[in-house]
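A closer look at the structure
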Amino acid sequence: AFLNQPLVLGAAQGLDTLLREIETAERLHVEATDATVGPSVRRARALQVTAMGLAVGLTLLAAWLAWREVQRRAHSEAQLRQAQLRTEATVVERTAQLLQSNRDLTQQIAERERLRAELQDSEQRLRAVVQSSSDLIHSTDRAGHLRFVNAAWCRALGYEAGEVIDRLATDLADPADRERIAAL
C-alpha cells in the first residue's frame, strides 16, 4: 500500500526519468570525449552520475516520508483535541446534572425535616391530649400486648404503666372474663 501512494509513484517515475537523462548525458559526453579516455573513466563517471541520481531520489523519498509523518501527527493531534473537547463537554454536562441533583436533594431534605418537625409537634399535642383525658385509653399490638396506657387507665385499674406495657391485655382481665374476651 505504501508503494501505491501517488507521491511515491510520482517520485519513482521522476527518479527513473532523471536516471535515463543522466545516462543519455553521460553517453553523449563519453562520445564527445577524446578517444583516449578509457572504459574505467567512463565507468567511474557513470557510477558517479548514478550515485547523484540515487541521492536525489532518496532525498525526495525522505522529504515525502517526513511530510507524511507531519501529516499523521497533525491528524493525531486533531483527533486528540476533538476527544478532549468531547470529554470537557461531558464533564460540563455531568457537573450540571450533579448540581441539579444536589439542589433537588437539598430541597427534599428540607421538606423531610419540615415534615418531621410537624410530626413531632403533632405527636406532642396528641400525647398531651391523651394523657390529660379522663377516658381510659390504651393501645395494643397485633398479638394483644399492651403498648400504651394513659394516666386515667392506670388510675382506674390500679396499675403503673411500667407494670403493664408488653403484657397481654387478657392477662390483666378477671380470670372469669378471659374466655369471653379471647372470643372477641
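All of these numbers come straight from a predicted model, not from anything done at the bench. (Residues numbered from 1 in each chain as written. Predicted model: local features only at pLDDT ≥ 70, side-chain atom pairs only at ≥ 80, totals over all residues. Heavy atoms only, no water.)

Details of the overall build of the chain
What counts is decided by this rule: A run of DSSP states H or I qualifies as a helix once it reaches four residues; a run of E qualifies as a strand once it reaches two. Both are numbered from the N-terminal end. Whether a residue is buried, partly exposed or exposed follows from its accessible area with a 1.4 Å probe, protein chains only, as a fraction of its type maximum: under 20%, in between, or over 50%, in that order. Only heavy atoms matter for contacts: two residues are in contact if any of them lie within 4.5 Å across the pair. Working definition of accessibility: Shrake-Rupley area with a 1.4 Å probe, residue cover restricted to the visible protein chains.
A tally of helices and strands in the chain yields 5 helices and 2 strands. Each of the 184 residues in the chain was classed as buried or not, and the buried ones make up 11%. Taking contacts inside the chain between residues at least 6 apart in sequence as the whole, the part at least 24 apart equals 24%. Summed over all atoms, the accessible surface of the chain reaches about 14600 Å², with 58% contributed by carbon and sulfur.

Some remarks on the pattern of salt bridges
Put simply, the rule reads: We define a salt bridge as a side-chain nitrogen of Lys or Arg found within 4 Å of a carboxyl oxygen belonging to Asp or Glu.
Applying the stated criterion across every chain, the model contains 8 salt bridges. Residues Glu69 and Arg73 are paired through a salt bridge, measuring 3.0 Å at the closest nitrogen-oxygen approach. With Glu69 and Arg73 both in helix H2 (residues 39-132), this residue pair falls 4 residues apart, about one helical turn. A single network of salt bridges, built from pairs that share partners, joins Glu69, Arg72 and Arg73.

Some details on the side chain of Asn150
Operational definition: Pairing of N or O atoms within 3.5 Å defines a polar contact, subject to two protein rules: one partner must be a possible hydrogen donor and the other a possible acceptor, and residues neighboring in sequence count only if both atoms are side-chain atoms.
Relative to the elements of secondary structure, Asn150 occurs in the loop between strand E2 (146-149) and helix H3 (151-157). Taking relative accessible area as the criterion, Asn150 reaches 0% and is therefore assigned buried. A distance of 3.2 Å separates the side chain of Asn150 from the backbone oxygen of Val130, its partner in a polar contact. Sequence-distant contacts of Asn150, that is, excluding residues within four places in its chain, are made with Val130, Gln131, Ser133, Asp135, Leu136 and Ile137.

Details of the pairing of E2
In plain terms, the rule: Strands are labelled as partners when DSSP assigns at least two bridges between them.
The pairing of strand E1 (residues 138-140) with E2 spans 3 bridges and is antiparallel. If you follow Thr140 over to E2, its bridge partner there is Leu146.

Nothing here speaks to function; it is all geometry.
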